[in-house]
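Residue strings, one per chain:
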Amino acid sequence: MNNFQYDAIIVLGGGRNENGLTELSKQRLDAGAKVFQESKADTICEAFAVAQWCLENEASKVDLVTSDKHMERAHFIFNEVFRRIFKGKKFEIGKEEVP
């Protein structure tokens, strides 16, 4: 693993099968999780990186996945950051809470 601090971690799928995710998909998600665990980014940095990527790629809907204990704060931060980056353009941030 290198010492870069990433602005975003994008994990591309490796397909699905009748049992759910393929082994390739699971390996990619594990690798993405490892990069995330080793990064030094915080919620604010992540929100700015995601918002900028969305603006550059004309994506206006995202789904925020975080713990139920962190969701209120994270959703607030993402909304504030997106509002600043999108400057009046419409955006939508969904919420998926996990334990």
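In this text, all values refer to a predicted model and were calculated from it rather than measured experimentally.

This part takes up helix 2 (residues 43-56). The first and last C-alpha atoms of helix 2 sit 20 Å apart over 14 residues, in line with the 20 Å expected at 1.5 Å per residue. Among all positions of helix 2, only Thr43, Ala47, Ala49, Ala51 and Cys54 are buried. Residues of helix 2 that are buried make contact with strand 3 (61-67) and helix 3 (71-86). At the C-terminal side of helix 2, Glu58 shows a positive phi close to 55°.

If you look at soluble globular proteins, the nonpolar side chains tend to sit buried side by side. Judged by nonpolar contacts, the single largest core of 15 residues is most densely connected at Cys54, Leu64, Phe78, Val81, Phe82 and Ile93. Secondary-structure elements contributing two or more residues to this core are helix 2, strand 3 and helix 3. In this structure Cys54 touches Ala59, Val62, Phe82 and Phe86, once residues within four positions along its chain are discounted.

On to the pattern of salt bridges. Applying the stated criterion across every chain yields a total of three salt bridges. For the salt bridge of Glu80 with Arg83, the shortest nitrogen-to-oxygen distance reads 2.6 Å. Here Arg83 and Glu80 lie together in helix 3, a separation of three residues that amounts to about one turn. The class for Glu80 is partly exposed, based on a relative accessible area of 23%. Classification of Arg83 as partly exposed rests on a relative accessible area of 45%. A salt bridge links Glu80 to Arg84; the shortest N-O distance between them is 3.1 Å. A residue pair is termed a helical-turn pair when its members lie 3 or 4 positions apart in one helix, as Glu80 and Arg84 do in helix 3 at four residues. Sharing partners across several salt bridges, the network here consists of Glu80, Arg83 and Arg84.

About the thresholds
Residues numbered from 1 in each chain as written. Predicted model: local features only at pLDDT ≥ 70, side-chain atom pairs only at ≥ 80, totals over all residues. Heavy atoms only, no water. Helix = DSSP H or I, 4+ residues; strand = E, 2+ residues; numbered from the N terminus. Expected span 1.5 Å × (residues − 1). Buried < 20%, exposed > 50% of the residue type's maximum accessible area, 1.4 Å probe, protein only. Contact = heavy atoms within 4.5 Å. Core = buried A, V, L, I, M, F, W, Y, C linked by side-chain atoms within 4.5 Å. Salt bridge = Lys/Arg side-chain N within 4 Å of Asp/Glu carboxyl O.

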